[in-house]
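Coordinate analysis (summary)
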Number of protein chains: 2
Amino acid sequence: MSMKWTSALLLIQLSCYLSSGSCGKVLVWPTEFSHWMNIKTILDELVQRGHEVTVLAYSPSILPGPNNPSALKFEICPTSLTETEFEDSVAQLVKRWSDIPKDTFWPHFLQVQEMMWTYGDMIRQFCKDVASNKKLMKKLQESRFDVVLADAISPCGELLAELLKIPFVYSLRFSPGYTIEKHGGGFLLPPSYVPVVMSEFSDQMGFMERVKNMIYMIYFDFWFQPWDMKKWDQFYSEFLGRPTTVFETMAKAEIWLIRNYWDFQFPHPLLPNVEFVGGLHCKPAKPLPKEMEEFVQSSGENGIVVFSLGSMVSNMSEERANVVASALAKIPQKVRYNQNILITVVNILSSKTRAFITHGGANGIYEAIYHGIPMVGVPLFADQLDNIAHMKAKGAAVSLDFNTMSSTDLFNALKTVINDPLYKENAMKLSSIHHDQPVKPLDRAVFWIEFVMRHKGAKHLRVAAYDLTWFQYHSLDVIGFLLACVATVIFIITKCLFCVWKFVRTEKKRK
Amino acid sequence: MSMKWTSALLLIQLSCYLSSGSCGKVLVWPTEFSHWMNIKTILDELVQRGHEVTVLAYSPSILPGPNNPSALKFEICPTSLTETEFEDSVAQLVKRWSDIPKDTFWPHFLQVQEMMWTYGDMIRQFCKDVASNKKLMKKLQESRFDVVLADAISPCGELLAELLKIPFVYSLRFSPGYTIEKHGGGFLLPPSYVPVVMSEFSDQMGFMERVKNMIYMIYFDFWFQPWDMKKWDQFYSEFLGRPTTVFETMAKAEIWLIRNYWDFQFPHPLLPNVEFVGGLHCKPAKPLPKEMEEFVQSSGENGIVVFSLGSMVSNMSEERANVVASALAKIPQKVRYNQNILITVVNILSSKTRAFITHGGANGIYEAIYHGIPMVGVPLFADQLDNIAHMKAKGAAVSLDFNTMSSTDLFNALKTVINDPLYKENAMKLSSIHHDQPVKPLDRAVFWIEFVMRHKGAKHLRVAAYDLTWFQYHSLDVIGFLLACVATVIFIITKCLFCVWKFVRTEKKRK
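Residues numbered from 1 in each chain as written. Chains lettered and ligands numbered in written order. Predicted model: local features only at pLDDT ≥ 70, side-chain atom pairs only at ≥ 80, totals over all residues. Heavy atoms only, no water.

Concerning unusual backbone geometry
Cut-off, in case you're wondering: In DSSP terms, a helix is any run of H or I states spanning at least four residues, a strand is any run of E spanning at least two, and both are numbered starting from the N terminus. Relative accessibility decides the category of a residue: with a 1.4 Å probe and only protein chains considered, values under 20% of the type maximum give buried, values over 50% give exposed, and everything between is partly exposed.
A positive phi angle, near 55°, is found at Lys456(A), a position not held by glycine. With respect to the helices, strands and loops of the structure, Lys456(A) is situated in the loop between α18 (441–455) and α19 (470–473). A positive phi is found at Lys165(B), a non-glycine position, where the angle reads about 60°. A relative accessible area of 73% places Lys165(B) in the exposed class.

Overview of the relation of the copies chain B and chain A
Stated formally: For the least-squares superposition of copies, only C-alpha atoms count, and only for residues with pLDDT at least 70 in both. Should any heavy atoms of two residues lie within 4.5 Å, those residues are considered in contact.
With an RMSD of 0.1 Å, chain B superimposes on chain A once it is rotated by 180° and translated 0.0 Å along the axis. When the rotation and shift are considered jointly, the pair of chain copies conforms to a two-fold rotation axis. In terms of C-alpha distance to the rotation axis, chain B has Leu270(B) as its closest residue, with the C-alpha 2.7 Å off the axis. When the interface residues of chain B are mapped onto chain A, 100% of them are again interface residues, pointing to one common binding face.

What about the sheet that holds strand β7 (residues 274–276) of chain B?
Residues and elements named next belong to chain B. Applicable threshold: For two strands to count as paired, DSSP must find a minimum of two bridges between them. All axes are obtained by fitting lines to C-alpha atoms, using only the stretch in contact for helices, and the reported angles, taken between N-to-C directions, cover 0 to 180 degrees.
Read from one edge to the other, the open sheet built from seven strands follows the order β3-β2-β1-β4-β5-β6-β7, with strand pairing classed as parallel. At either end of the open sheet lies a strand with only one pairing partner, and these are β3 (73–77) and β7. Along the sheet, successive strands turn relative to each other by an average axial angle of 25°, direction set aside. As judged from the four bridges shared by strand β4 (residues 147–151) and strand β5 (residues 168–172), these two strands associate in the parallel manner. Looking across to β5, one finds that Asp-151 is bridged to Ser-171.

A few points about the UniProt feature "transmembrane region" (unreviewed entry) in chain A
Threshold: UniProt positions are given in the numbering used here, feature names are shortened, and annotations may be inferred rather than shown by experiment.
In the numbering used here, UniProt assigns the feature "transmembrane region" (unreviewed entry) to residues 478–501 of chain A. What you have in residues 478–501 of chain A is 100% helix and 0% strand, and the ends, taken at the C-alpha atoms, are 34 Å apart.

Here we look at the sheet that holds strand β4 (residues 147–151) of chain A
All names here are of chain A. Read from one edge of the open sheet, seven strands run β3-β2-β1-β4-β5-β6-β7, paired in parallel fashion. Because the sheet does not close on itself, it has two edges, and the strands there are β3 (73–77) and β7 (274–276). Put simply, the sheet's adjacent strands are angled 25° from each other on average, direction ignored. The pairing of strand β1 (residues 25–28) with strand β2 (residues 52–58) spans four bridges and is parallel. Bridge pairing links Lys-25 to Glu-52 in β2. Helix α4 (residues 105–131) contacts β2 and β3 of the sheet and is inclined by roughly 120° relative to β2.

What about the interface of chain B and chain A?
Test applied: Two parts placed together each lose some accessible area under a 1.4 Å probe, and the buried area is that loss summed for both. A carboxyl oxygen of Asp or Glu within 4 Å of a side-chain nitrogen of Lys or Arg is what we treat as a salt bridge. In protein, a polar contact requires one atom able to donate a hydrogen and another able to accept it; more generally it is a pair of N or O atoms within 3.5 Å, and residues adjacent in sequence count only if both atoms are side-chain atoms.
Contacts between the two partners involve 49 residues from chain B and, on the opposite side, 49 residues from chain A. The junction of chain B with chain A conceals about 4400 Å² of combined surface from both sides, 72% of it contributed by carbon and sulfur atoms. A per-residue breakdown of the area chain B buries against chain A is headed by Tyr193(B), Asp436(B) and His460(B), which together make up 13% of the total. Taken together, the links from chain B to chain A amount to four salt bridges. In this structure, Asp436(A) engages Arg454(B) in a salt bridge whose closest nitrogen and oxygen atoms are separated by 2.7 Å. Our enumeration of links across chain B and chain A arrives at nine residue pairs in polar contact (both at pLDDT 80 or more). Among the elements of the structure, α8 (207–222), α17 (421–435), α18 (441–455), α19 (470–473) and α20 (476–510) of chain B are those that each provide at least two residues to the side of chain B that touches chain A. Looking at the side of chain B that touches chain A element by element, the count peaks at six residues for α8(B).

Some thoughts on a nonpolar patch on the surface
Residues and elements named next belong to chain A. Short version of the rule: Only residues whose relative accessible area exceeds 30% and that form no salt bridge are eligible for patches; like-charged ones are grouped when within 9 Å, while nonpolar side chains (Val, Leu, Ile, Met, Phe, Trp, Tyr) are grouped when within 5 Å. Using the Shrake-Rupley algorithm and a 1.4 Å probe, accessible areas are obtained, with residue cover drawn only from the displayed protein chains.
On the surface, a nonpolar cluster with roughly 530 Å² of combined accessible area is contributed by Trp-470, Phe-471, Leu-476, Ile-479 and Leu-483. Elements with a contribution of two residues or more to the nonpolar patch: α19 and α20 (476–510). For the nonpolar patch, the element with the most residues is α20, which contributes three residues. Here Leu-483 lies in helix α20. On the basis of relative accessible area, Leu-483 is assigned to the exposed category, the value being 56%.

Observations concerning the packing of α4(A) against helix α9 (residues 229–240) of chain A
Residue and element names in this part refer to chain A. The test is simple: An angle below 35 degrees is treated as roughly parallel, one above 145 as roughly antiparallel, one from 65 to 115 as roughly perpendicular, and anything else as oblique. Nonpolar residues are Ala, Val, Leu, Ile, Met, Phe, Trp, Tyr, Cys and Pro. Charged residues are Asp, Glu, Lys and Arg, and all others, Gly as well, are polar.
Taken N-terminus to C-terminus, the directions of α4 and α9 make an angle of 10°; their axes are 11 Å apart at the nearest point. Our classification of the angle between α4 and α9 gives roughly parallel. Of the residues in α9, those touching α4 at Gly-120, Asp-121, Ile-123, Arg-124, Cys-127, Lys-128 and Ala-131 are Lys-231, Trp-232, Phe-235 and Phe-239. Along the lines of polarity and charge, the residues of the contact of α4 with α9 split into six nonpolar, one polar and four charged.

Focus: the packing of aromatic side chains
Operational definition: Stacked, tilted and edge-to-face are the three classes assigned to paired rings of Phe, Tyr and Trp, where Trp is represented by its six-membered ring and a pair needs centres within 6.5 Å; plane angles under 30 degrees give stacked, over 60 edge-to-face, the rest tilted. Whether a charge lies above a ring is judged from NZ of Lys or CZ of Arg, which has to be within 6 Å of the ring centre and within 35 degrees of the ring normal.
Under the defined criterion, the tally for this structure stands at 52 aromatic pairs over all chains. Seen in terms of ring centroids, Trp227(A) and Trp232(A) are 6.2 Å apart; in terms of plane orientation they differ by 50°. Their pairing is tilted. When sorted by exposure, Trp227(A) lands in the same class as Trp232(A), which is buried. Cation over ring: Arg454(B) sits above Phe447(B), and NZ or CZ is 5.3 Å from the ring centre.

Examining the state of the cysteines
All names here are of chain A. Put simply, the test is: We call a pair of cysteine sulfur atoms a disulfide when they lie within 2.5 Å.
By the definition in use, this model includes two disulfides over all chains. Paired by a disulfide, Cys-127 and Cys-156 hold their sulfur atoms 2.1 Å apart. Between Cys-127 and Cys-156 the sulfur-sulfur dihedral comes to about 85°; the bridge is accordingly right-handed. With Cys-127 in helix α4 and Cys-156 in the loop between β4 and α6 (157–164), this pair connects stretches of sequence that are 29 residues apart. As far as the burial class goes, Cys-127 and Cys-156 line up, both buried.

Some thoughts on α9(A)
Residue and element names in this part refer to chain A. Spelled out, the test is: To estimate how far a helix should extend, the number of its residues minus one is multiplied by 1.5 Å.
Taking 1.5 Å as the rise per residue, α9 with twelve residues should run 16 Å; its terminal C-alpha atoms sit 16 Å apart, in good agreement. Buried residues of α9: Met-229, Trp-232, Asp-233, Phe-235, Tyr-236, Ser-237 and Leu-240, and no others. Downstream of α9 by one or two residues, Gly-241 has phi in the positive range, about 70°.

Here it is, written out as structure tokens:
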């Protein structure tokens, strides 16, 4: 009987719940770094549940290739880009972004835009190579995929889905200024209480902050473009054989899986086809390797402090390293420095960890939330400053400027988050919110991907806003019409009154 | 071993999942008719899970009293209202509402408002009787409830929660023109694609429909008041000892459990503290009583048609009854007429049912969606016309005017929904959407009530909009400030240019 139970449970876990009873086929448009790490968690779960997952990869790829043991299938697509071109471009992106001064908004975002365009141009080249490769497209067509999964920050997935005539699902962390969410996803984010992403504001804004937030919003809504839209729109129109835009194509997404949740993000309006699945990559800590376990245990009552700068920064200057080292030497906790490998952080953040010194990447912060660890943030670039600002507003982190902080600053910050019980309390509160959801984030993400495969879409969750032009959406035509009506009525009444007055005057004169 | 399994499962079902490990105490502000039927499903489930549920009831109550077998506790509150006063008022409400001509928008809603005010005045009297009853309030205080559950359409629950200093959760079907959702809940419902409730529009509106929808919205936003707000606001200010309004008090709700879902409602934006739990009262059909089962089976291939006018209408005129009877006599299906008792409908709507003739109450429509039965709608009043309009737009119903339809109209409508496979297909599509959710509606409703009890609220889901005034919310102060800045700059530049021009002219003249 015990055997029977086991096999029944196994059956439940492996069945894919598609209407046909068979498993589905998922096509993945790739993405990089922490984005990829996060999406891979979903893909691994899909494979676990019996689905077939195929990732389109650059031939000079940074993705785990066929030599890398993975249950995912990789379809290597020939491209004119060389490996060096690609890696140089990515390395440049990281370097340039970290070098942009953060305290100047306009120059900052002008440079961010320029960088994203350069990166986007490379993606577009690869996208063109794939979409115009007749042999490859025929092969993909014949594979009869059920759904395309893509990160909305790297366009092309939606184009392939349109060409292959299959539904697509997005995963997205965020886009600068929420441009993609708003123009592609139709999100409603009122500037009065939703701080523009990367503004570092919380949802409790004073008057001048709301003024700044409004200016940021206007800038992002009307001037900022995440990619060179003219080129992209032209490219999509060409391949789809009708005048269209990237955002119009993106708006066809069935589901948006946003890698965020209300333990991290400030609450804001959402749409029925948007699921907040932040922290889906977090898992209970596995037993540590023996050497690490001994290290953690040897820390005794004082516990340990974990230090990590994430997957994109591989080294720091000697001067900065010395500042960090001398601060860490002063605290009673043992310190673990993790370079580059997030996976290790996952396992170390345990009950023994007293604080987490982090660059503020979203994945790392979610690990800290998951385990309820207070943070010292040393954000470097991209969304990291904003992420740390969120944790600071929620009372679970102290923020420092990595490039200018002194050894004493770091020491004091560590002392604060370790010794002031409020930080631990707030971190634990976020943790309890994170763990207390009706369905775990990863299961929800997988559920909606499977839903789209089962029902060939999720049209019942799509707001009709997607079918409106921007002036219809904002009711500008209706308001214009109503104002015209009111003006006409006022005009007619005035005219009549004038006539009556004139008539009365003439009559009077005649008398 | 089998025994062990059973007891383990039992334990899971009975444990309340509160942080203390103990079960919670729920205080319920009552509501009427189908609203009560729906909320009672949640209450029964809470009791099933081990929580203690206390319903505040009028002494001359229409609620099941202590004599009525129920696991709910009823706290009978003395009130100055007599049973006759109450029942008369309700009967009048139903009668008057059904008599208002539906084709005239303005007179219709003026009368709806008047009716709601009369009903609201009665609720306020009862609310005053409870809140000023020191002995009762002391008893409630001492009972240490964890949460108040109320229907947002019947105010007072939020006042009691404030007085008792405990969090509260709303259940709500809808309010006319979404006034409560917007002013109390901060819902965002853009008039360009969200039809105003009771407008009978779908989300696919043409230009003139959008114009009408905008006018409706302006009317509801600025003129319509679901209750006599002046009296209510004064009453709340008095009892809370500070100047406040009903809507301000309502805005403190932790969670809004909306009795709707995207199988019924057109998708629109929502907030993180809003859960759509429509159809939570639906359950798989139980075996029918023998007499009924024989009736259903005897229908053979043709199946049956179920006819119900809901819980509020207890009889129809002889003339109308004849029209219905003569249409039903012509169809090959057997017919079941259910007067007054929704519960029976639940059980009859089965695979043998070919069509459901319904007045369009939300509960009945959800039964039809749950079982995938196409409908003939004969809406009478309140939201029924709008509900049927929704089902019609989704291709699962044909709509008729009950008061003017002929026998042939009904016969043709029945023939259409029974013989045109598209209606059955669409009804089944809605059914499959309804059943394919990560968590069942009832479980989600109970989860969030328990969440509020566990965490003493759900503040992390509250948008900061609740803390803003209406002009801050719409950024009017910010826009005003920015326009003033722009005007000042333009003024200064113009002034400077003018000075320069003047100077140049003077110089020229001098020469």
